[in-house]
Amino acid sequence: SRARLLHSDNGPVHCFVYLGSGGHTGEMLRLLNNYNAVFFRKDNVLDVGYSDEASLAKFKRMDFKNKENVHINYHEFLKAREVNATKTQSLKSILYTLWNSTLIILKMKISMLGKSHLILLNGPGTCCIIAVLFKVLQIVSCTPSKIVYVESLARIDSLSLTGRILYLLVDEFVVQWDELCKRYPRAKCYGILI
């Protein structure tokens, strides 16, 4: 069932969500709102990653039910690359973003040790860096992280570039259209989540 995707029976959960800007932020906010009872359960911790102030402002304006029940931390991530950037600009941006993201994720992973936690991603290339770093830290620390990637609602018959990269890396790869499950057998479809 859809609820099982994000549900934990082991008490409070430490969640990380990434607001990827624009439509990706809108999708993540709708996902948080639709599964309010899971994310804003008493004593949960919610780490919110963002790469632009507009996304952060949208999150803060959202009137999530029971938002006061959780402890919320905010983490600013740099964008992996800008649209229309040259190869040199992209390489510099990616390396700097990798360093910045490593420091943030290392701090988060340490705070998650010994607790049930979920990494929920959807959206841009920065999600690839985030997922890889969490996976590496999972291996190094021998403590599992459940990494879930939710493909954009706009992707009906093909995956996004980020989706193609993360398809085999994440623990659960979720699409919102049955057509994608036929092409990508590892994907799971719970219907429209947002």
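See the structure above.
Novice: Looking at this model, I keep getting lost on the side chain of K135. Mind explaining?
Specialist: The residue K135 is located in helix α6 (residues 126–141) in this model. Once residues within four sequence positions are removed from consideration, K135 is found in contact with I147, L169 and D171.

Novice: What am I meant to see in the sheet that holds strand β3 (residues 71–76) here?
Specialist: Strand pairing in a sheet is mediated by backbone hydrogen bonds. Such pairs are either parallel or antiparallel. Strand order in the open sheet formed by seven strands is β3-β2-β1-β4-β5-β6-β7, and the pairing between neighbours is parallel. Among the strands making up the open sheet, the edge pair consists of β3 and β7 (188–189). Across three bridges, strand β5 (residues 146–150) lies against strand β6 (residues 172–175) in parallel orientation. The residue bridging Y149 from the neighbouring strand is F173, located in β6. Its contacts with the sheet put helix α2 (residues 22–34) on β1 (14–19), β4 (117–121) and β5, and the angle it makes with β1 is roughly 150°.

Novice: How do you make sense of the side chain of S152 when you look at a structure like this?
Specialist: Its location among the elements puts S152 in the loop between β5 and α7 (161–166). Among the polar contacts made by the side chain of S152, one reaches the side chain of E27 at a distance of 2.9 Å. Setting aside residues up to four positions removed in sequence, S152 forms contacts with E27 and Q176.

Novice: What is the right way to read helix α4 (residues 53–61) from this model?
Specialist: For an α-helix, the turn length of 3.6 residues means that residues three or four places apart are oriented alike. Buried within α4 are the following residues: S55, L56 and F59. Within α4, the buried residues cover an arc of 100° as seen down the axis, which keeps them to one side. Those residues of α4 that are buried lie in contact with β1, α2, β2 (45–50) and β3. The opening residue of α4 is D52, an N-cap whose side-chain oxygen sits 3.3 Å from the backbone nitrogen of A54.

Novice: Looking at this structure, how should I read α6?
Specialist: In this model α6 runs 22 Å from its N-terminal to its C-terminal C-alpha over 16 residues, within 8% of the 22 Å that 1.5 Å per residue would give. Of all the positions in α6, only T126, C127, C128, I129, I130, A131, L133, F134, K135, L137 and Q138 are classed as buried. At its buried positions, α6 is contacted by β1, α5 (87–112), β4, β5 and α7. Following α6 by one or two positions, C142 adopts a phi angle in the positive range, close to 55°.

Novice: Just to check I follow, could you spell out the pattern of salt bridges for this structure?
Specialist: Working definition: two side chains of opposite charge can pair if their charged atoms are close together. Applying the stated criterion across every chain, the model contains four salt bridges. Two residues, D43 and K42, come together in a salt bridge whose shortest N-O distance is 4.0 Å. Between E172 and K188 there is a salt bridge, and its shortest N-O distance comes to 3.6 Å. One end of the pair, E172, is in strand β6; the other, K188, is in strand β7, with 16 residues separating them in the sequence. Several salt bridges converge on common partners, so that one network encompasses K146, E172 and K188.

Criteria and thresholds
- Residues numbered from 1 in each chain as written.
- Predicted model: local features only at pLDDT ≥ 70, side-chain atom pairs only at ≥ 80, totals over all residues.
- Heavy atoms only, no water.
- Helix = DSSP H or I, 4+ residues; strand = E, 2+ residues; numbered from the N terminus.
- Contact = heavy atoms within 4.5 Å.
- Pairing = 2+ DSSP bridges.
- Axes fitted to C-alpha atoms, helices over the stretch in contact; angles between N-to-C directions.
- Polar contact = N/O pair within 3.5 Å; in protein donor to acceptor, adjacent residues only side chain to side chain.
- Buried < 20%, exposed > 50% of the residue type's maximum accessible area, 1.4 Å probe, protein only.
- Arc of directions from axis to C-beta.
- Expected span 1.5 Å × (residues − 1).
- Salt bridge = Lys/Arg side-chain N within 4 Å of Asp/Glu carboxyl O.

Coordinates in, geometry out; function isn't part of it.
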